[in-house]
Amino acid sequence: MKRIDERDTMFSRMNLEKNSKEYNDYYNKNPKRKEKDDEIRKKPQICGEGTATYDPINSKIAQANFKFLDDIKHLSEGEPAKEKIEVDSETITRRIKGLMKHFGAVKVGITKMHDYHWYSNRGRHTESYGNKVTPKDRYGIIFAVKMDKEMLNRSPQVSEIIDTSRAYVDASIIGMQISYFIRELGYSARNHMDANYLAVLPLVAKDAGIGDIGRNGILITKEYGQMIRLGLITTDIPLIEDEYEDFHLNDFCMECDRCMRTCPGKAIPKDKKEINGIKRWQINQEDCYQMWRMLGTDCGICISSCPFSQGVEDIESIKTREDIEKALKNHDEKHGIRPYIKTPPEWLK
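Residues numbered from 1 in each chain as written. Predicted model: local features only at pLDDT ≥ 70, side-chain atom pairs only at ≥ 80, totals over all residues. Heavy atoms only, no water.

(A) Region of interest: the overall build of the protein chain. Helix and strand counts for the protein chain come out as 14 helices and 8 strands. For the protein chain, the C-alpha radius of gyration of 20 Å lies close to 20 Å, the compact-globule estimate for 349 residues. Referenced to the eigenvectors of the C-alpha coordinate spread, the extents of the protein chain come out at roughly 55 × 55 × 50 Å. The buried share of the protein chain, reckoned over its 349 residues, is 53%. Residue pairs at least 24 apart in sequence account for 77% of intrachain contacts in the protein chain once pairs closer than 6 positions are excluded. (Helix = DSSP H or I, 4+ residues; strand = E, 2+ residues; numbered from the N terminus. Rg over C-alpha atoms; globule rule 2.2 N^0.38 Å. Buried < 20%, exposed > 50% of the residue type's maximum accessible area, 1.4 Å probe, protein only. Contact = heavy atoms within 4.5 Å.)

What follows is the structure, given as structure tokens:
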């Protein structure tokens, strides 16, 4: 699989300052993206005044979370202690997983880091724009923190981004705690957190058995659906790997089109296409992100619409097309096209 260039992601492109050296470099190489990207730039910022969900107080909650994440991202890397403590792979794997769950993770998986897990080049920030990503650490410890279902079932209200930003903070803190711990043992460890990733977390999570990737490009777990946010620590401490688990998500997504039908930006595809030699779904990230800028939140409608996010009963027994159709029928009887809570929680009123 070809490595993804972080410069091509919408977050990186929207961080480019117009007419800067980086802006000119990117659009000289990708002229077809310039016109639409510039149109999106004219729209209000997420959580900003002029968006559909803007609230002068509540929108600041999410903004504060993202500012905090930006302020701590420089702590993601550090030098390991000079004295290296010898560890047994099985014992340290068990302890790290247990500690992460004690700190608040709901799922933890481990995999060897493969070349395609890493970005090819950085693009999110001016100071590192274009820098090549050189794979270093052997293992990836990938973990999930749970989002609040009721907050996400209010998507795309401000409640949604308050909780997604909270989950990013939780993941970053857990990642910091564990990476600091591993470095104290004398091993390398890097915390990959919001706006400071060197790797593509859903790809790592899939290989580590956390879940699988759905039609909308988001990782789906059996237990929590898409109601999670991911964190990653890469390290050279010797660990025991987990394996990918096939729970027939691809077959389920082929029959289910709830995320596609509810997407306000019509950004989620019906059919797969061949990308870098692999047949898969790929969302239209421009149309998706443009909707975020209009709504003022990171939307979340597709997350809420996913039957796995609301809980699929007897998931272990769903293997045939008839099983999937029955599960979808049960979902629709309970939730309609998707569950939606119209009013904000009492504490946000």
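(B) Fine view of the side chain of Glu-6. In this structure, Glu-6 sits in the segment before helix H1 (10–15). Buried charged residue Glu-6 carries no salt bridge. Nearest counter-charge: Arg-122, at 4.5 Å. Polar contacts involving the side chain of Glu-6 include one to the main-chain amide nitrogen of Gly-123, which spans 2.8 Å. Beyond its immediate sequence surroundings of up to four residues, Glu-6 is in contact with Ser-12, Tyr-119, Asn-121, Arg-122, Gly-123, Arg-124 and Tyr-197. (Lys, Arg positive; Asp, Glu negative; His and termini not counted. Salt bridge = Lys/Arg side-chain N within 4 Å of Asp/Glu carboxyl O. Polar contact = N/O pair within 3.5 Å; in protein donor to acceptor, adjacent residues only side chain to side chain.)

(C) Region of the structure containing the sheet that holds strand S6 (residues 228–235). Taking strand neighbours across the sheet as the criterion, the 4 strands line up as S1-S2-S6-S3 in an open arrangement whose pairing is antiparallel. On the outer flanks of this sheet lie strand S1 (107–112) and strand S3 (189–192), each paired with one strand and no other. Strand-to-strand twist across the sheet, computed as the mean angle between neighbouring axes with direction ignored, equals 20°. Sheet topology note: the S3/S6 ladder contains 4 bridges and is antiparallel. In the sheet register, His-192 faces S6, and the bridge partner there is Leu-232. The strands touched by helix H5 (residues 89–103) are S1, strand S2 (139–146) and S6; relative to S1, the strand with the most contacts, the crossing angle is about 145°. Against the sheet, helix H7 (residues 158–184) engages S2, S3 and S6, with an angle of about 20° to S6. (Pairing = 2+ DSSP bridges. Axes fitted to C-alpha atoms, helices over the stretch in contact; angles between N-to-C directions.)

(D) Quick peek at H7. The end-to-end C-alpha separation of H7 is 39 Å, in line with the 39 Å expected for 27 residues at 1.5 Å each. Directly beyond the C-terminal end of H7, a positive phi value near 100° is found at Gly-186. (Expected span 1.5 Å × (residues − 1).)

(E) Molecular detail of helix H11 (residues 285–295). All buried positions along H11 are accounted for by Glu-286, Asp-287, Tyr-289, Met-291, Trp-292, Arg-293 and Leu-295. Here the buried face of H11 lies against H1 and helix H3 (34–41). You can read the cap of H11 off the contacts: a side-chain oxygen lies 3.2 Å from the backbone nitrogen of Glu-286, and it is on Asn-284.

(F) Just the nonpolar core, in detail. Core analysis: the largest hydrophobic core is formed by 31 residues, its most contacted members being Ile-96, Met-100, Ile-141, Phe-143, Ile-182, Ile-233 and Leu-239. For this core, the element with the most residues is H7, which contributes 5 residues. (Core = buried A, V, L, I, M, F, W, Y, C linked by side-chain atoms within 4.5 Å.)

(G) Spotlight on the side chain of Ser-59. Of note, Ser-59 is situated in helix H4 (residues 58–72). Each residue touching Ser-59, except ones within four places of it in the same chain, is listed here: Cys-47, Thr-53, Tyr-54 and Val-158.

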